[in-house]
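# Structure at a glance
Single-letter residue listing:
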Amino acid sequence: MPDPIIIVGAGQAGAALAARLRSLGYDGPLVILGDEVHPPYQRPPLSKKYMSGELDIPRLLIRPASWYGEQNIELRLSTAVTEISPREHRVTLADGSRLSYAKLALTTGAHPRRLPAGMGGDLAGVFTIRNLADVDALAPVLDPGKNLLVVGGGYIGLEAAAVAASKGLKVILIEMAPRILQRVACALTADYFRRQHGRHGVAIRESAALLELPGKDGRLTGALMQDGSVIEADLAVIGIGIAPNVDLAERAGLAVENGILVDGSCRATAADIYAAGDCANFPWRGTRTRLESVQNAIEQAEHAAAAMLGANKDYDPTPWFWSDQYDVKLQIAGLCRGYDDAVPRPGRREGSQSIWYFAGERLLAVDAMNDALAYALGKKIIEAGRSIPKAVAADPAADLKRWAV
Ligand SMILES: Cc1cc2nc3c(=O)[nH]c(=O)nc-3n(C[C@H](O)[C@H](O)[C@H](O)COP(=O)(O)OP(=O)(O)OC[C@H]3O[C@@H](n4cnc5c(N)ncnc54)[C@H](O)[C@@H]3O)c2cc1C
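Here, residues in each chain are numbered from 1, in the same order as that chain's written sequence. This being a predicted model, a pLDDT of at least 70 is required before a residue's local features are given, and a value of 80 or more before pairs of side-chain atoms are given or counted; all residues contribute to the totals for chains, interfaces and linings. Water and hydrogen atoms were dropped before computing side-chain values, which therefore reflect all heavy atoms in the structure.

### Observations regarding the side chain of Ser352
Put simply, the test is: Secondary structure follows DSSP: runs of H or I at least 4 residues long count as helices, runs of E at least 2 residues long count as strands, and numbering of each begins at the N terminus. Burial classification: accessible surface area is computed with a 1.4 Å probe over protein chains only, and a residue below 20% of its type maximum counts as buried, one above 50% as exposed, and the rest as partly exposed. Residue contacts are defined here by distance: any two heavy atoms, one from each residue, within 4.5 Å place the two residues in contact.
The topology assignment puts Ser352 in the loop between β26 (341-346) and β27 (353-359). Using a relative accessible area of 7% as the deciding quantity, one classes Ser352 as buried. Non-local contacts of Ser352, meaning those with residues more than four positions away in its chain, are made with Pro346, Gly347, Met369, Asn370 and Asp371.

Spelled out as structure tokens, the structure:
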């Protein structure tokens, strides 16, 4: 029996990688090792419809649990990999057993940044949202009337605020930066979402620096801000970003720098080791990039699968992303990084709008709020490597279809 291909991490990328290996015709032994108890599941609903109780676990699963067996894939759950020995082509599991691999894929994802214990990060009532277990602990205590503090105005914090406000909690969101979504979107998009939250009673405080989360008897009581003010809170959700899971790779001597460094074919810096998804840092259009999205987890994993079977092509994605808050669906095509202008375009329906990001005259990205048409056309234009004049983007009467063909 030849050694298997081993995938470490049973998440979005791990599942996509295994599926692509099989669909490309690899019929050799294939093992997925995952440290969670559930088969690979989708994380986006964790801060959306799973948190609000509208979705159950079976509908989160990327594939039914039976699919892995049917595909002759050995899915080993509750199984953490503790060590990789690249020279021996071997991994060690938490129970001390060892497995040899022919090729290894690291799809270990990321973990949420936490507040240090000295700032109250360990108090009861303080939550992060990354895993099903996190939300299974949080959702049952989201009772109407409670005070929820959300720390961090990125997408996960804003989504959690939206769910909690819709459930009748009193929500305050604090953001240290001058505005919400500072890292990922322009001021116009931030303004749009600030208005939505305002309408639903969420108080957003920007340029608001947290000093610590005080507690009593080990339980959160609120937030002490640097300006001396105190916010009362029964619960806190910390949404201050994520860090890639690179410990294993680092200890194995792989090059790591904000993620596991890979080349355009998803190859890490040791023979027969690949990485994809949130944990991988790849070369993209002249710079190094790590993306935190479903699009990237799936497409990069599929790219890695092909590379493991001998393909040799650079991964060159057109990123896309989405966020749901209240009745607004935000769809993002492209990546706005490096933009110098953002042009608003009113949509056809009330409340719909899109924002078109440019670097010089080149279209980089589109944020579409309840405007699926703007998203679809913007994505087509960006994927084709084309652009549109800013005046066209700004003119609601201009027909964008002609630019997308
Ligand atoms: C709350 C939330 C909302 C999101 N919303 C969106 C959204 O709206 N749109 C979007 O595009 N993206 C969204 N994302 C991001 C998206 O879910 C991630 O980018 C995607 O899940 C990344 O896939 P991955 O396979 O790289 O990592 P993961 O899905 O995190 O999978 C990694 C797996 O590896 C396991 N693992 C790690 N180390 C080991 C080890 N040593 N041994 C065994 N197993 C290990 C982890 O426990 C985990 O199960 C959201 C994420 C979260 C948390």
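### Here we look at the site of the ligand
For clarity, the threshold we go by: If even one non-hydrogen atom of a residue comes within 4 Å of a molecule or strand, that residue is called near it. N or O atoms closer than or at 3.5 Å make up a polar contact, with two conditions inside protein: a donor-capable atom paired with an acceptor-capable one, and, for residues adjacent in sequence, both atoms drawn from side chains. Accessible areas in this description were obtained via Shrake-Rupley with a 1.4 Å probe; residue shielding takes into account the shown protein chains only. Lys, Arg, Asp and Glu make up the charged group, whereas Ala, Val, Leu, Ile, Met, Phe, Trp, Tyr, Cys and Pro make up the nonpolar group; the residues left over, Gly among them, are polar.
Around the ligand, the structure places 33 residues, and the nearest of them are Ala13, Asp35, Glu36, Lys48 and Arg130. The contact in question runs from an oxygen atom of the ligand to an N or O atom on the backbone of Ala13, over 2.7 Å. The separation between an oxygen atom of the ligand and a polar side-chain atom of Lys48 is 2.6 Å. When the ligand sits alone it has 1000 Å² of accessible area, and the protein chains cover 94% of it. For the shell around the ligand, the secondary-structure elements that each account for two or more residues are α1 (12-23), α8 (294-308) and β24 (320-325). Its residues placed into classes, the shell around the ligand shows 14 nonpolar, 12 polar and 7 charged.

### As for unusual backbone geometry
One non-glycine residue, Ser207, lies in the positive phi region at around 50 degrees. Assignment of secondary structure puts Ser207 in the loop between β12 (203-205) and β13 (210-212). Residue classification places Ser207 among the exposed residues on the basis of a relative accessible area of 53%. The backbone of Asp217 sits at a positive phi, close to 55 degrees, despite the residue not being glycine.

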